[in-house]
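Geometric and topological summary
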Amino acid sequence: MYRTHTCGELRATNVNTTTTLSGWVQRVRNKGFMIWVDLRDRYGITQLIFDEQRTDAALFEQAKSLSREDVIQVVGTVIAREAVNTNIPTGEVEVLVQSLTLLNPSEVPPFTIEDNTDGGEDLRMKYRYLDLRRTPVRENLIFRHKVAMMVRNYLSGEGFIEVETPVLIKSTPEGARDFVVPSRMNAGEFYALPQSPQTFKQLLMVGGLDRYFQIVKCFRDEDLRADRQPEFTQIDCELSFVEQEDILNIFEGMTKYLLKELKGLTFDKFPRITYAEAMRRYGNDKPDIRFGMEFGELNDLAQHRDFKVFNEAELVVGIAVPGANSYTRKEIDALVEWVKRPQIGASGMVYVKCNEDGSFKSSVDKFYNEDDLRAWAERTGAKAGDLICILSGKADKVRPQLSALRMELAERLDLRKADEYAPLWVIDFPLLEWDEESGRYHAMHHPFTSPKPEDIPLLDTDPGKVRANAYDLVLNGNEIGGGSIRIFNQELQAKMFSLLGFTPEQAQAQFGFLMNAFKYGAPPHGGIAFGFDRLVAILGGQETIRDFIAFPKNNSGRDVMIDAPSPIDEVQLKELHIVLE
């Protein structure tokens, strides 16, 4: 056998026993008369010892030739270490080697395979199979596995069954861009990779399965960022005969269970705020509520003087930055330049310093007196020692601009603690968004989302005011899950397609299979999907999902390890009926 123990298993109770170990050479320390080798596998590190007095001469010479990442097998006696290493579980013992087999030699790796490596991200992505040997990466994947098993156990206990849905499906025009797959046997026709199993899970409800879940791969051909990959994993769920409250309670329970088991944290009922309230108080629909800096709207307090910038603005709004009164003029000017960057797009920023003696100093002292500034401080919740930052302009632009500034300042002030967790539900989203470019409504979530029952009459009179029976679960400023109660009535679904600009023929061509299914007794149903990669990263104390994916893509959507995407052979292109210009 290759091993009797793993490299993380031996303890003081194993002293004077014979062991067989296999693994990779982590490090070799040659003192001339004695050689120590750290042997590593997935489970840990065990120190091996070769000693001129106790080790056969040929074996001692063999040990001298070992290099980092050689794969070896050793047989030896477990002995007590003279100098205990308290940093590793096996630190009380070492193995006096009696035989050594080189199973596979290794070339010198392109970076050191240790916790603190000298390899940059691009290099480690190219040699990801080596990076996986490092403890932090390995522990992230073990953590991911643990979360997945906990989710499966929780949902199984709640009566859900796991069902696999197809990967080769039909392309639809709504949502993000599809990845398409040409069909060799059907010339000129294409499959799409699923952005979500949405329609299939609804069909499972029509099929009477009642409670479904799947930890499933999904695909979106979108621009990438740190928390987005072209292929990603969802915890996808659907339930029959439920209302919004039922779904919120079940999946709030799942999230509490994960936070309790993984982090030792207990929570009362998660707070709930409407979409409109989230936008008013925080400027976005996934607010981080671990810190304050809530928005204070100042129109009634700031538009009565001769300051044209505020008087002509649709919205004047500010935040109180704790302890930032100490910012120098240079630091404040840098903030102004930060909000004026193209990525943020603000035209400028007004500031007010709230001094410790109760006085105020602002960049608009020419137009506003102390009473005005004091009123602004009260509205934004500013205290002595704080700095008030104020933006103005069109409401739909100013809110996201100030939200971006709020998050940037929270990062700079270290207010976003990785070991603090603040979940909340955001509910009552708009059902539809008007798109000026296309001149029509788009579904804010997807076309199968049900309106709030009391808002259904507005579909005929004022569709833009209709609220969706939808909900998002937000954790630390990240949307980790979102879903809705679905439309299960054929007439209402047809009306929704019409509002989205589909002709009856287009709706039938794209979604006829679902519309037809609704004719045969579709139950009331709803669901939710969690972004599994993001959830695992946040529970792991990070926000970059690549660290928790075995083989991630880079920011250009490339797998630099296998060099994909890549051209394919002309013969294949012909078989697929594809002609490149």
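Model, not experiment: these values are computed from the prediction.

Take empty space enclosed by the protein next. Per the counting criterion, the structure on display carries 1 cavity of 30 Å³ or more. What lines the largest cavity is simply Met125, Arg128, Phe551, Pro552, Asp559, Val560 and Met561. Among the residues forming the lining of the largest cavity, the class breakdown is 5 nonpolar, no polar and 2 charged.

To continue, consider the pairing of strand 17 (residues 423-427). Extensive coverage of strand 17 is indicated by the burial of 5 of its 5 residues. Residues of strand 17 alternate between two faces, with Pro423, Trp425 and Ile427 on one and Leu424 and Val426 on the opposite face, all of them buried. Both strand 11 (residues 272-274) and strand 17 contribute to a ladder of 3 bridges, which runs parallel. Bridged to Arg272 within strand 17 is Trp425. Two strands pair when backbone bridges link them, and strand 17 and strand 20 (residues 470-475) are joined in this way by 5 bridges, in the antiparallel orientation. In the sheet register, Ile427 faces strand 20, and the bridge partner there is Tyr471.

Another aspect to go through is the UniProt feature "binding site: ATP" (unreviewed entry) in the chain. Feature annotation in UniProt places "binding site: ATP" (unreviewed entry) on Arg220, Asp221, Glu222, Gln229, Glu479, Gly531, Phe532, Asp533 and Arg534, given in this structure's numbering. Structurally, Glu479 can be placed in strand 21 (residues 478-485). Setting aside anything within four residues of it in sequence, one finds Glu479 in contact with Lys286, Asp472, Leu473, Val474 and Arg534. As for its placement among the helices and strands, Arg534 is situated in helix 16 (residues 532-539).

Around the barrel, which closes on itself, the 5 strands sit in the order 1-2-3-5-4 with mixed pairing between neighbours. In this sheet, neighbouring strand axes are inclined to one another by 55° on average, regardless of whether the strands run parallel or antiparallel. As paired strands, strand 3 (residues 44-51) and strand 5 (residues 93-104) are joined by 2 bridges and run parallel to one another. Looking at the pairing, Leu48 lines up with Val95 of strand 5. Against the sheet, helix 1 (residues 57-64) engages strand 1 (18-30), strand 2 (34-41), strand 3 and strand 5, with an angle of about 70° to strand 5.

Turning our eyes to something else, we now look at the pairing of strand 22 (residues 525-531). For strand 22, the buried fraction is high: 6 of the 7 residues fall into the buried class. As paired strands, strand 10 (residues 231-240) and strand 22 are joined by 7 bridges and run antiparallel to one another. Each residue of the ladder has a partner; that of Gln234, found in strand 22, is Gly531.

Moving on: the side chain of Gln401. Topologically, Gln401 is positioned in helix 12 (residues 395-412). The exposure class of Gln401 is buried, given its relative accessible area of 9%.

Orientation of helix 5 (residues 198-206) relative to helix 15 (residues 504-518), taken along the N-to-C sense of each, is 20°, at an axis distance of 10 Å. Judged by the angle between their axes, helix 5 and helix 15 are roughly parallel. By crossing handedness, the relation of helix 5 to helix 15 is classed as left-handed. Packed against helix 5, whose contacting residues are Thr199, Gln202, Leu203 and Val206, the element helix 15 presents Phe513, Leu514, Ala517 and Phe518 at the interface. Residues of the contact of helix 5 with helix 15, tallied by class, amount to 6 nonpolar, 2 polar and no charged.

Within the open sheet, the 5 strands sit side by side as 12-13-16-14-15. Their pairing is antiparallel. At either margin of the open sheet sits one strand with a lone partner, and together these are strand 12 (296-297) and strand 15 (360-362). Note that strand 13 (residues 315-321) and strand 16 (residues 387-393) share 7 bridges and pair antiparallel. Looking across to strand 16, one finds that Ala320 is bridged to Ile388. Contacts from helix 11 (residues 370-380) reach strand 12, strand 13, strand 14 (350-354), strand 15 and strand 16 within the one sheet, and its direction differs from that of strand 15 by about 95°.

To continue, consider the layout of surface pockets. By volume, the second largest pocket amounts to about 530 Å³. Secondary structure elements with two or more residues in the lining of the second largest pocket: strand 1, strand 2, strand 3 and helix 4 (135-157). Here the residues of the lining of the second largest pocket sort into 5 nonpolar, 7 polar and 13 charged.

The next thing to look at is unusual backbone geometry. With an omega of 5°, the peptide bond between Ala564 and Pro565 qualifies as cis. Look at Asp210: it is not a glycine, yet its phi comes out positive at around 75°. Even without being glycine, Asp414 reaches a positive phi, approximately 60°. Structurally, Asp414 can be placed in the loop between helix 12 and strand 17. Overall, the relative accessible area of 45% leaves Asp414 in the partly exposed class.

Attention shifts here to the pattern of salt bridges. Tallying each qualifying case throughout the model produces 46 salt bridges. Residue Arg546 pairs with Glu121 through a salt bridge whose shortest N-O separation is 2.7 Å. Pair noted here: Arg546 is in the loop between helix 16 and helix 17 (570-575) and Glu121 is in helix 2 (residues 121-126), with a separation of 425 residues, a long-range link. Accessibility expressed as a relative area gives 39% for Glu121, which makes it partly exposed. Across the pair Asp288 and Arg290 runs a salt bridge whose closest N-O atoms are separated by 2.6 Å. Under the relative-accessibility criterion, Asp288 is labelled buried at 0%. Classification of Arg290 by relative accessible area gives buried; the value is 15%.

Now for helix 14 (residues 490-499). Residues Leu492, Gln493, Met496, Phe497 and Leu499 constitute the buried set of helix 14. When helix 14 is viewed along its axis, its buried side chains cluster within an angular range of 160° and face the same direction. Elements in contact with the buried residues of helix 14: strand 18 (432-435), strand 19 (440-443), helix 13 (458-461) and helix 15. Two to three positions downstream of the cap, the backbone nitrogen of Glu491 sits 2.9 Å from a side-chain oxygen, assigning the N-cap of helix 14 to Asn489. With its phi angle positive at about 90°, Gly501 sits one or two positions after the end of helix 14.

Scoring rules and cut-offs
- For every chain, the first residue of the written sequence is number 1, and numbering continues from 1 along that sequence.
- Totals for whole chains, interfaces and linings use all residues, but because this is a predicted model, local features are given only for residues with pLDDT of at least 70 and pairs of side-chain atoms are given and counted only at 80 or more.
- Excluding hydrogens and water, the side-chain figures rest on all heavy atoms present in the structure.
- Only protein atoms enter the 1 Å grid used here, on which a cavity is any set of points holding a 1.4 Å probe that cannot leave and a pocket is any open set flanked by protein within 12 Å on both sides along at least five of seven lines; residues with an atom within 4 Å of a point are listed as lining.
- Grid points are joined across faces, edges and corners, and a volume is the space filled by probe spheres set on the points.
- Under the convention adopted here, Pro, Cys and the residues Ala, Val, Leu, Ile, Met, Phe, Trp and Tyr are nonpolar, Asp, Glu, Lys and Arg are charged, and Gly plus all remaining residues are polar.
- Each residue's exposure class comes from its accessible area (1.4 Å probe, protein chains only) as a fraction of the maximum for that residue type: buried when under 20%, exposed when over 50%, partly exposed otherwise.
- Note on conventions: DSSP H or I runs of at least 4 residues are helices, E runs of at least 2 residues are strands, and numbering of each starts at the N terminus.
- A pair of strands is considered paired only if DSSP assigns at least 2 bridges between the two.
- UniProt positions are given in the numbering used here, feature names are shortened, and annotations may be inferred rather than shown by experiment.
- In this analysis, two residues are considered to be in contact whenever any of their non-hydrogen atoms come within 4.5 Å of each other.
- Note on definitions: angles span 0 to 180 degrees between N-to-C directions of axes, and those axes are lines fitted to C-alpha atoms, for helices only across the stretch in contact.
- Convention used here: angles under 35 degrees read as roughly parallel, angles over 145 as roughly antiparallel, angles from 65 to 115 as roughly perpendicular, and any remaining angle as oblique.
- Take the far helix as the reference: if the near one is turned anticlockwise from it by less than a right angle, the crossing is left-handed, and if turned clockwise, right-handed.
- Here, a salt bridge means any Lys or Arg side-chain nitrogen found within 4 Å of an Asp or Glu carboxyl oxygen.
- Each C-beta atom gives one direction from the helix axis, and the arc is the one those directions make.
- What qualifies as a polar contact is a pair of N or O atoms within 3.5 Å, subject to a donor-acceptor requirement within protein and to the restriction that residues adjacent in sequence count only when both atoms come from side chains.

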